[in-house]
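Coordinate analysis (summary)
Spelled out from the first residue to the last, the chains are:
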Amino acid sequence: MERLNRDDAAMLTAFTWALCAPCCLVKAGCVITNGTVISVGYNGNPSGTPNCTDANEGCKKSRKQKCAALHAEDNALIFAKRDPRLAGATMYVTIQPCVSCSSKIISHGISHVIAAMPYSRVSFGNDGRFDESQQAEEWLARAGVKFSWYEPIHPFAKTAQELYLREIEQYLAQFRPDEP
């Protein structure tokens, strides 16, 4: 069997952490590396507060309410607690960072972000953020943070990405209006 390269191994780790997310809509994962894994994260409410998958909570977005969840990047940066290894590190995310997360990435000194899918694909038509993918990418570039799209090499990584993207699209289809 062919050996995984570091990008595939890191993104597979991000896909795995996404499965831990207590979100009933979109599960996102993040891994920060600098030779070794520094931190991981997934989207969910702050510790000690109810998540949408908890009994009687349900998805706030499906009720057109503001979601209180932290993004996967937020959680990974919080868990890293200003680790000096963040400077120059690479962040692997299953979903491209939004503008807010991009600001935090910049302030923590991350030098490279690799994303598996655009943020705009998980945006809802009524939230006005369809252009956030481009804004976030431009914001990172202006700050000197390299951004690239994940391109799996190993067959297992290709299959994992396809399964992840298919699952996200199935979740979101229920909230998007039918095409005319």
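If you're wondering where the values come from, they're calculated on a predicted model, not measured in any experiment. (Residues numbered from 1 in each chain as written. Predicted model: local features only at pLDDT ≥ 70, side-chain atom pairs only at ≥ 80, totals over all residues. Heavy atoms only, no water.)

Focus: the overall build of the chain
A tally of regular secondary structure across the chain gives five helices and five strands. If you list the helices and strands of the chain from N to C, you get α-β-β-α-β-α-β-α-β-α. Looking at the chain as a whole, 44% of its 180 residues are labelled buried. Restricting the contact set of the chain to residue pairs at least 6 apart, pairs at least 24 apart contribute 66%. (Helix = DSSP H or I, 4+ residues; strand = E, 2+ residues; numbered from the N terminus. Buried < 20%, exposed > 50% of the residue type's maximum accessible area, 1.4 Å probe, protein only. Contact = heavy atoms within 4.5 Å.)

Re the packing of aromatic side chains
Using the criterion set out here, one finds four aromatic pairs in the structure. Relative to Tyr 164, the ring of Phe 15 has its centre 5.0 Å away and its plane inclined at 35°; by these criteria the two rings are tilted. Of the two residues, Phe 15 is situated in helix H1 (residues 6–18) and Tyr 164 in helix H5 (residues 155–173); the sequence distance between them amounts to 149 residues. Here Phe 15 and Tyr 164 have matching classes, each one buried. Here the aromatic rings of Trp 17 and Tyr 42 are separated by 6.1 Å at their centres, their planes lie at 10°, and the arrangement is stacked. Of this pair, Trp 17 sits in helix H1 while Tyr 42 sits in strand S2 (residues 37–42), and the two are 25 residues apart along the sequence. (Phe/Tyr/Trp six-rings, centres within 6.5 Å; stacked < 30°, edge-to-face > 60°.)

Regarding the packing of helix H3 (residues 99–107) against helix H4 (residues 132–142)
One way to put it is that H3 packs onto H4 with a least axis distance of 9 Å and a crossing angle of 15°. By the angle class used here, H3 and H4 are roughly parallel. In terms of crossing hand, the pair formed by H3 and H4 is right-handed. Seen from H3, the contacting residues are Val 99, Ser 100, Ser 102, Ser 103, Ile 105 and Ile 106; seen from H4, they are Glu 132, Gln 135, Ala 136, Trp 139 and Leu 140. (Axes fitted to C-alpha atoms, helices over the stretch in contact; angles between N-to-C directions. Parallel < 35°, antiparallel > 145°, perpendicular 65-115°, else oblique. Left-handed = near helix turned anticlockwise from the far one by under 90°.)

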